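The chain contents come next:
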Amino acid sequence: MEYNYIKKLPPELFTLSKLEYLELDYNLIKDLPDELANIKNLKQISLYGNSTIFKNHKIVENIELKMPSCEFLTSDNYLKNKDNKK
């Protein structure tokens, strides 16, 4: 679903119980709703290029707590990993 100028995640997305990987890179997403945690098999969400989310990292932190088995890929994670390799 990357590069689609998505501002808000469609409610139908939260019913995809077998979804494991979700790429939402380079959209206009401003919020990650709690319903995202309903996708129990989700292993990874990529959010690169959603600048509003990076300005307020609390958006990702709040949903991460509800989805401990899911990896959230953001530019912030990239920078942390890069720093750890030095």
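Predicted, not measured: the structure shown is a model, and the values here were computed from it. (Residues numbered from 1 in each chain as written. Predicted model: local features only at pLDDT ≥ 70, side-chain atom pairs only at ≥ 80, totals over all residues. Heavy atoms only, no water.)

**Q** Quick one: what's the story with the environment of leucine 24, residue by residue and with numbers?
**A** Along the chain, the position of leucine 24 falls in the loop between strand E1 (21-23) and strand E2 (44-46). Assessed through its relative accessible area of 0%, leucine 24 is described here as buried. Between the C-alpha atom of leucine 24 and that of leucine 47, which follows or precedes it by 23 residues, the distance is 5.2 Å. When sequence neighbours within four positions are dropped, the list of residues in contact with leucine 24 reads Met1, Glu2, Leu9, Ile29, Ile45, Ser46, Leu47, Tyr48 and Asn50. (Helix = DSSP H or I, 4+ residues; strand = E, 2+ residues; numbered from the N terminus. Buried < 20%, exposed > 50% of the residue type's maximum accessible area, 1.4 Å probe, protein only. Contact = heavy atoms within 4.5 Å.)

**Q** Please provide a residue-by-residue account of the environment of threonine 74, values included.
**A** If you trace the backbone, threonine 74 turns up in the loop between strand E3 (71-73) and helix H3 (75-85). In this structure threonine 74 comes out as buried when scored by relative accessible area, which is 1%. Taking C-alpha positions, threonine 74 is 8.7 Å from isoleucine 45, a pair spaced 29 residues apart along the chain.

**Q** Could you give an account of the side chain of asparagine 27, naming the residues involved and the relevant values?
**A** With respect to the secondary-structure elements, asparagine 27 resides in the loop between E1 and E2. With a relative accessible area of 5%, asparagine 27 lands in the buried category. Within the structure, asparagine 27 has its side chain in polar contact with the backbone oxygen of methionine 1 (distance 3.0 Å). Residues in contact with asparagine 27, not counting those within four places in the same chain, are Met1, Glu2, Tyr3, Asn4, Tyr5, Ile6, Gly49 and Asn50. (Polar contact = N/O pair within 3.5 Å; in protein donor to acceptor, adjacent residues only side chain to side chain.)

**Q** So what's going on with the confidence of the model for the protein? Residues and values would help.
**A** Residues with a pLDDT of 70 or more make up 84% of the protein, whose mean pLDDT is 83. Ranking the helices and strands of the protein by mean pLDDT puts E1 first, with 96, and H3 last, with 51. Counted against residues more than four places away or in other chains, residues 78-86, with its pLDDT under 50, gives one contact. (pLDDT = per-residue confidence, 0-100.)

**Q** Got a sec to walk through the side chain of serine 46? Specific residues and values, please.
**A** When you line up the elements, serine 46 lands in strand E2. Residue serine 46 is classed as buried on the basis of its relative accessible area, which comes to 6%. Discounting residues that sit within four places of it in the chain, serine 46 has contacts with Leu22, Glu23, Leu24, Asp25 and Leu73.

**Q** Can you tell me about the sheet that holds E3, naming the residues and giving the values?
**A** Reading across from one edge, E1-E2-E3 is the order of the three strands in this open sheet, with parallel pairing throughout. Looking at which strands have only one partner, the edges of the open sheet turn out to be E1 and E3. Between one strand and the next, the sheet's axes are offset by a mean angle of 10°, whatever the strand orientation. For E1 and E2, the ladder comprises three bridges, and the chain directions are parallel. Following the sheet pairing, leucine 22 is matched in E2 by isoleucine 45. (Pairing = 2+ DSSP bridges. Axes fitted to C-alpha atoms, helices over the stretch in contact; angles between N-to-C directions.)

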